[in-house]
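Structural characterization, general
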Amino acid sequence: MIKDFLKENSIDITEKSLLQLKYDPKSVWGYVEVHIEQGPVLEQVGFPLGVVKGIAGQTRLKVTVRGSQGHAGTVPMSMRQDPMAAAAEQIVLLENLCKHPEEYLSYDGHCSDSTVKSLSSSLVCTVGEISTWPSASNVIPGQVIYTVDIRAINDLGREAVIYDLSKQIYQICDKRSVSCIIEHKHDAGAVICDSELSSQLKSAAYSALKRMEGDIQDEVPTLMSGAGHDAMAISHLTKVGMLFVRCRGGISHSPQEHVLDNDVWAAGLATLSFLENL
């Protein structure tokens, strides 16, 4: 359908035509992105703007746990091979590991002290989907599937978390006599923002806030982005920098998403100041 629409409008989509649209890296000086924070940090510290130091790498897993389906009332607890109980234990393990990585990660060549320290300030883990089969209130499920989303600014640390988590998931399955399959569905490396661009954005944000509010006592905050952004893709082409704008409650992708007019004005002034001082 899309191909037909493009053809009807005389838009030729071939490998050759796409290559002609490709940017020459020499023609691009840099890339700066202004975006709402999508998190609560700027609101908590009381600052309308923040400079992004880097964008977290991401890994998404799909975990399938299979056990023995049975009647909820007739199978004794001691004889069950319950994938739901196994999945629940694994999800709690994930939460604990991501809250306290230093207590769980092994130091057998996969992780160092500096890596663990980096994880303690950037690691976030989420189970966003879970489904059971046959999904009936009076049936011990035969299968449970859930997703895992792991993000961190340190790629080596993220890989260490996945390694140790996978090992412990399999151990739980063995202990409970159920089977586990872990599939990697998505991987994206972390992107560190260019230090020169970040410094220029920080100065520009300070200048904008000083112009709006007068004397500024505190430094413009520096944050990590846990959400993915266009800058991740553009980083393969050129250096990138990002400026975050405070949003109410850290809410995004929702009708409740809201940014103050003054904060948008501050972001505009900061961008103008950045461009004027290039």
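Description of the structure in this document. Since the structure is predicted, the reported quantities are computational estimates derived from the model, not experimental observations.

Counting its secondary structure elements, the protein chain contains nine helices and 12 strands. For the protein chain, the C-alpha radius of gyration of 24 Å lies well beyond 19 Å, the compact-globule estimate for 278 residues. If one aligns the C-alpha atoms of the protein chain with their principal axes, the spans along those axes are about 75 × 60 × 45 Å. Residues counted as buried form 39% of the 278 residues belonging to the protein chain. For the protein chain, the proportion of contacts with a sequence separation of at least 24, taken over those separated by at least 6, is 80%. Surface exposure of the protein chain reaches about 16,000 Å², of which carbon and sulfur atoms provide 52%. With 24 positive and 34 negative side-chain charges, the protein chain shows a separation of 4 Å between the mean positions of the two kinds.

The final tally for this structure, using the stated rule, is two disulfides. The disulfide partner of Cys98 is Cys125, and the S-S distance across this bridge is 1.8 Å. For the disulfide bridge between Cys98 and Cys125, the dihedral angle about the S-S bond is near -80°, and by the sign convention the bridge is left-handed. On the criterion of sequence distance, the pair formed by Cys98 in helix 4 (residues 83-99) and Cys125 in strand 5 (residues 124-126) is long-range, its members being 27 residues apart. A relative accessible area of 11% places Cys98 in the buried class. Residue pairing for Cys173: its cysteine sulfur links by disulfide to Cys180, the two sulfurs lying 1.5 Å apart. Judged by relative accessible area, which is 1%, Cys173 ranks as buried.

Below, the discussion takes up the pattern of salt bridges. This model, assessed by the stated rule, comprises 11 salt bridges. In this structure, Asp149 engages Arg60 in a salt bridge whose closest nitrogen and oxygen atoms are separated by 3.5 Å. Remark: Arg60 occurs in strand 3 (residues 57-66) and Asp149 occurs in strand 8 (residues 143-152); sequence separation between them is 89 residues. Residue class for Asp149 comes out buried when judged on its relative accessible area of 17%. Measuring nitrogen to oxygen at the nearest pair gives 3.2 Å for the salt bridge that ties Glu219 to Lys202. Taken together, the positions of Glu219 in the loop between helix 7 (195-213) and strand 11 (222-225) and Lys202 in helix 7 put the pair 17 residues apart, joining distant regions of the chain. The exposure class of Glu219 is exposed, given its relative accessible area of 62%.

With that settled, consider a nonpolar patch on the surface. There is a patch of nonpolar side chains on the surface, built from Ile13, Leu18 and Leu21 and spanning about 310 Å² of accessible area. Within the secondary structure layout, Ile13 lies in the loop between helix 1 (2-8) and helix 2 (15-21).

Below, the discussion takes up helix 9 (residues 261-276). Taking 1.5 Å per residue as the helical rise, helix 9 with its 16 residues ought to reach 22 Å, and the 23 Å between its terminal C-alpha atoms agrees with that figure. Every buried residue of helix 9 is accounted for by Asp263, Ala266, Ala267, Leu269, Ala270, Ser273 and Phe274. Take helix 9 and look down its axis: the buried residues cluster within an arc of 165°, on one side only. Facing away from the buried surface of helix 9 by more than 90 degrees, the exposed residues are Asp261, Trp265 and Glu276. Residues of helix 9 that are buried make contact with strand 1 (31-36), strand 2 (49-55), helix 7 and strand 12 (240-245).

With that out of the way, let us pick up the packing of aromatic side chains. Two measures describe an aromatic ring pair: the distance that separates the ring centres and the angle between the ring planes. Inspection of every chain in the model, using the stated rule, returns zero aromatic pairs. Lys239 extends its terminal NZ or CZ atom over the ring of Trp29, reaching a point 4.1 Å from the ring centre.

This part takes up the packing of helix 7 against helix 9. In contact at an axis separation of 8 Å, helix 7 and helix 9 are set at 125° when each is read in the N-to-C sense. When the interaxial angle is binned, helix 7 and helix 9 end up oblique. Here the hand of the crossing between helix 7 and helix 9 comes out right-handed. On helix 9, the residues touching Leu197, Gln200, Leu201, Ala204, Ala205, Ser207, Ala208, Leu209, Arg211 and Met212 of helix 7 are Asn262, Trp265, Ala266, Leu269, Ala270, Ser273 and Phe274. The class makeup of the residues in the contact of helix 7 with helix 9 is 12 nonpolar, four polar and one charged.

Moving on to the packing of helix 4 against helix 6 (residues 155-175). Close contact between helix 4 and helix 6 brings their axes to 10 Å; oriented N to C, the two are set at 150°. Taken together, the axes of helix 4 and helix 6 are roughly antiparallel relative to one another. In this structure, helix 4 crosses over helix 6, and the sense of that crossing is right-handed. Two secondary-structure elements touch here, helix 4 through Ala86, Glu89, Gln90, Leu93, Leu94 and Leu97 and helix 6 through Val161, Leu165, Gln168, Ile169, Ile172, Cys173 and Lys175.

Definitions and limits used
- Residues numbered from 1 in each chain as written.
- Predicted model: local features only at pLDDT ≥ 70, side-chain atom pairs only at ≥ 80, totals over all residues.
- Heavy atoms only, no water.
- Helix = DSSP H or I, 4+ residues; strand = E, 2+ residues; numbered from the N terminus.
- Rg over C-alpha atoms; globule rule 2.2 N^0.38 Å.
- Buried < 20%, exposed > 50% of the residue type's maximum accessible area, 1.4 Å probe, protein only.
- Contact = heavy atoms within 4.5 Å.
- Areas by Shrake-Rupley, 256 points an atom, 1.4 Å probe, with all protein chains shown as cover.
- Lys, Arg positive; Asp, Glu negative; His and termini not counted.
- Charge placed at Lys NZ, Arg CZ, Asp CG, Glu CD.
- Disulfide = S-S within 2.5 Å.
- Salt bridge = Lys/Arg side-chain N within 4 Å of Asp/Glu carboxyl O.
- Patch = residues over 30% accessible without salt bridge, like charges linked within 9 Å, V, L, I, M, F, W, Y side chains within 5 Å.
- Expected span 1.5 Å × (residues − 1).
- Arc of directions from axis to C-beta.
- Phe/Tyr/Trp six-rings, centres within 6.5 Å; stacked < 30°, edge-to-face > 60°.
- Lys NZ or Arg CZ within 6 Å of the ring centre and 35° of its normal.
- Axes fitted to C-alpha atoms, helices over the stretch in contact; angles between N-to-C directions.
- Parallel < 35°, antiparallel > 145°, perpendicular 65-115°, else oblique.
- Left-handed = near helix turned anticlockwise from the far one by under 90°.
- Nonpolar A, V, L, I, M, F, W, Y, C, P; charged D, E, K, R; others polar.

As far as function goes, none of this settles anything; it's purely spatial.
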